[in-house]
Amino acid sequence: MEKIKAENLRKIFITKERRGIFKGEKRKVEALKGISFAINKGEIFGLLGPNGAGKTTTIKILSTLLLPDDGDAWVNGYHVVKEANKVREIIGVSLYSDRGFYWKLTGYENLMYFAYLYHLNPEYAKKRIKYLLDILELSKDADRLVEEYSTGMKSKLNFARALIHDPEIIFLDEPTIGLDPNSARKIREIIRDLKKEGKTILLTTHNMYEADILCDRIAIINKGKIIALGTPNELKSVVEKDRVIEIQIYGILNGLTDKIRKINGVKRVGLIQEEKSLKNRIKVIMESDDVVPEVLRILVSEKIKVESIKSVEPSLEDVFVYLTGERLEKEE
Amino acid sequence: MSRYIGNWIMIITLPYMLAGIFLGVGYAVGGKNASINFYKNTGISDPALYSILGGAIMIATMIILENTGGYIREEQLIGTFELHYLTPNSTLQIWFFHILPIATIMIGIFSITITPILLFKGNLLSFSEWLIAATVIFLSLMPLAGIGLVIAALTVRFKEVWAIVNVINSVITLLSGFYYPLEIFPEMVQTIALLVPSSTAVKILRTIIQHRYTSLNFGPQIILFLVLSMIYLSSGYITYKRWENAARKNGELSKY
């Protein structure tokens, strides 16, 4: 049974680019170029893509915050434009990791405020809030003002708010962004538990590991288009017959990936740069191992210091690199 | 309320400080005869009580305007604005009902502010007088809430709420007679001032404070409040709905 359905959704934003003090130029940004998908009851569906791919725009349309320019969408059979209030009753949405709180209220009071907005019975609301704070390990901080919360605590509180009315359908926009590994693991556990309870979840992420372990199906979205859709294994099978090597190097040279890309037998090359060190990773998707000596020859000739080279199992990242020729995310 | 104690102290004491400034300026300009001149020009014998009362209403007016318009801007900045649109409610109703407790609090603040000066003058209000004063304040704040909703609508679009609020506050302050009687202005200005609900509220409250109230006096003014409330609240509703719709189309709801 389809719980969420999107048909040919399109969205164009008009942005204004400043040119000097008084001049400005309008520019059209096509955020969604006609995306369609359907999500079944009890499914965790991932929208995987880089920043600016259209993930959040999709969630905002489905959660009635944004009107599409074209196309239709239904949540639990309700049209997101024509029956917005009915949609709002059954969805829980987590949009930001650390925004969206009243700083001078406690964590508990923030949740209670939203419980009232969802017309929850006060007694039920108290029990529900206690339950959510317990599972998110926030109970001991419930009576502290939110202005004293850490980023991770605010992320958890945000997650609790999305679940306050025990919604049937949940939209989670980058739910673990900014969280430490332990907190991120906790959130993932809860997402799995929600699935066990029969909730339908739409999850956006640019974290491939998260998408891989959580999602039943994934749509890879790039530049406003869905470029692939399937189970994690189906998606990975796109590159299964190919060989993937990962080369860890120090530093990088302009045009290096282009040179590797030109080698006969190389299908795709992705560069993953680390922000906090000089280390970089190059992923090469190729037809066979015969290509490896030629790749190494280029690295040696360019005097690139190679730390390691290894064969790796295809991941969703490789699928993304394969499909778009671009890397998906930066390493944290 | 205990989390904003500094604000409350400021709101309660500000009318006294502003009255002090005006009385000081008056004395500097008029010297020893300042009070006599003020009485001759305006017919008001107690400028201190007059200014404190005017200041108390001015603060209530400003707070309602800033809270209706500014509240939404605040919500945008902290990220809670958009979240209200995820709940199954009319957001316009949420903003409007948010004003009611503030209006009620303003009545309390007004009472606390004017009590010391009335006590000092041995001129405390009876319960029925206070009740009428409270009703007048409440009714006069409703049209302002309508103006606040127009500001809120403009805020959703233009973001610069304080620029708009300050201009409107200045006009309201000029035409309300918080610190001078409007009779010093030409008749045309006095007529325009009728569109500003606080101008009528100031007149009524000063009459009550001077114990010159009779139950028949205020009928037309109450009707004026109701008419102004209808006009401004309708304008606020229409403007806000229009901008809200535009904001959902162009993504402005999320911007801050």
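Rules behind the numbers
- Residues numbered from 1 in each chain as written.
- Chains lettered and ligands numbered in written order.
- Predicted model: local features only at pLDDT ≥ 70, side-chain atom pairs only at ≥ 80, totals over all residues.
- Heavy atoms only, no water.
- Salt bridge = Lys/Arg side-chain N within 4 Å of Asp/Glu carboxyl O.
- Helix = DSSP H or I, 4+ residues; strand = E, 2+ residues; numbered from the N terminus.
- Buried < 20%, exposed > 50% of the residue type's maximum accessible area, 1.4 Å probe, protein only.
- 1 Å grid on protein atoms, 1.4 Å probe; cavity = no way out; pocket = protein on both sides within 12 Å on 5 of 7 lines; lining within 4 Å.
- Points joined across faces, edges and corners; volume = space filled by probe spheres on them.
- Nonpolar A, V, L, I, M, F, W, Y, C, P; charged D, E, K, R; others polar.
- Core = buried A, V, L, I, M, F, W, Y, C linked by side-chain atoms within 4.5 Å.
- Domains from an automatic or database assignment.
- Contact = heavy atoms within 4.5 Å.
- Pairing = 2+ DSSP bridges.
- Axes fitted to C-alpha atoms, helices over the stretch in contact; angles between N-to-C directions.
- Expected span 1.5 Å × (residues − 1).
- Bend = angle between axes of the 7 residues up to and from the residue.

**Student:** Got a minute to help me understand the pattern of salt bridges in this structure?
**Tutor:** When the charged atoms of two side chains with opposite charge come close together, those side chains can pair. All names here are of chain A. By the definition in use, this model includes 29 salt bridges over all chains. Between K55 and E174 there is a salt bridge; the shortest N-O distance is 3.6 Å. Of this pair, K55 sits in helix α1 (residues 55-62) while E174 sits in the loop between β7 (169-173) and α6 (181-196); the two residues are 119 residues apart in sequence, bridging distant segments of the chain. On the basis of relative accessibility, which here comes to 13%, the residue E174 falls in the buried class.

**Student:** Help me understand the layout of surface pockets in this model?
**Tutor:** The rolling of a water-molecule-sized probe over the atoms marks out the regions of remaining empty space. Residue and element names in this part refer to chain B. Volume-wise, the largest pocket comes out at about 1,300 Å³. Elements with a minimum of two residues in the lining of the largest pocket: α1 (5-30), α3 (47-78) and α5 (91-120). Counted by class, the lining of the largest pocket contains 21 nonpolar, 4 polar and 5 charged residues.

**Student:** How do you make sense of empty space enclosed by the protein when you look at a structure like this?
**Tutor:** Applying the stated criterion to the full structure yields 4 cavities of 30 Å³ or more. Put simply, the largest cavity is a space of about 60 Å³. Lining the largest cavity, in full, are A:V93, A:F114, A:Y118, A:R161, A:A162, B:L83, B:L86 and B:T87. Of the residues contributing to the lining of the largest cavity, the split by class is 6 nonpolar, 1 polar and 1 charged. In this structure, the second largest cavity occupies an estimated 40 Å³ of space. Taken together, 10 residues form the lining of the second largest cavity, with A:Y96, B:Q76, B:G79, B:L253 and B:S254 sitting closest to its centre. Its residues assigned to classes, the lining of the second largest cavity comprises 4 nonpolar, 3 polar and 3 charged.

**Student:** So what exactly am I meant to see when it comes to the nonpolar core here?
**Tutor:** A:F159, A:F171, A:I191, A:L202 and B:Y240 are the most contacted members of the largest nonpolar core, which totals 99 residues. For this core, the domains that each give at least three residues are domain 1 (2-235) and domain 2 (243-324) of chain A. With residues near it in sequence (within four places) discarded, A:F159 still touches A:L136, A:L172, A:I187, A:I190, A:I191 and A:L194. Among the nonpolar cores identified, the runner-up in size contains 58 residues, and B:I151, B:A201, B:I209 and B:Y232 belong to it.

**Student:** What is the right way to read the sheet that holds strand β13 (residues 279-286) of chain A from this model?
**Tutor:** Paired through backbone hydrogen bonds, the strands of a sheet run either parallel or antiparallel to each other. Residues and elements named next belong to chain A. Here we have 4 strands laid out as an open sheet, ordered β12-β13-β11-β14, and antiparallel in their pairing. Of all strands in the sheet, those bounded by a partner on one side alone are β12 (266-273) and β14 (305-312). Across the sheet, the mean angle from the axis of one strand to that of its neighbour is 20°, orientation sign disregarded.

**Student:** Honestly, the environment of A:V291 in this entry has me stumped. Any pointers?
**Tutor:** Residue and element names in this part refer to chain A. As for its position among the elements, V291 is in the loop between β13 and α10 (292-301). The exposure class assigned to V291 is buried, which follows from its relative accessible area of 6%. When the C-alpha atoms of V291 and Y113 are compared, they prove to be 61 Å apart, with 178 residues separating the residues in sequence.

**Student:** Help me understand unusual backbone geometry in this model?
**Tutor:** Generally, phi is negative for residues other than glycine and the peptide bonds are trans, each holding for most cases. Residues and elements named next belong to chain A. We note that N8 has phi near 55°; this positive angle belongs to a residue other than glycine. Position of N8 relative to the elements: it lies in strand β1 (residues 2-19). Even without being a glycine, T64 presents a positive backbone phi close to 75°. Note that T64 resides in the loop between α1 and β4 (70-75). On the basis of relative accessibility, which here comes to 1%, the residue T64 falls in the buried class.

**Student:** Teacher, can you tell me more about α1(B) here?
**Tutor:** At 3.6 residues per turn, the α-helix brings residues three or four places apart onto the same side. Residue and element names in this part refer to chain B. Between its first and last C-alpha atoms α1 spans 38 Å; for 26 residues at 1.5 Å apiece the expected length is 38 Å, and the two agree. By the largest-angle criterion, T13 marks the main kink of α1, which is about 40°, and a proline, P15, follows within four residues. Looking only at α1, the buried set comprises W8, I11, P15, L18 and A19. Residues of α1 that are buried in the fold lie against α3 and α5. Note on α1: the residue one or two positions beyond its end, G31, has a positive phi of about 65°.

All quantities given are derived from atomic positions and should not be read as evidence of function.
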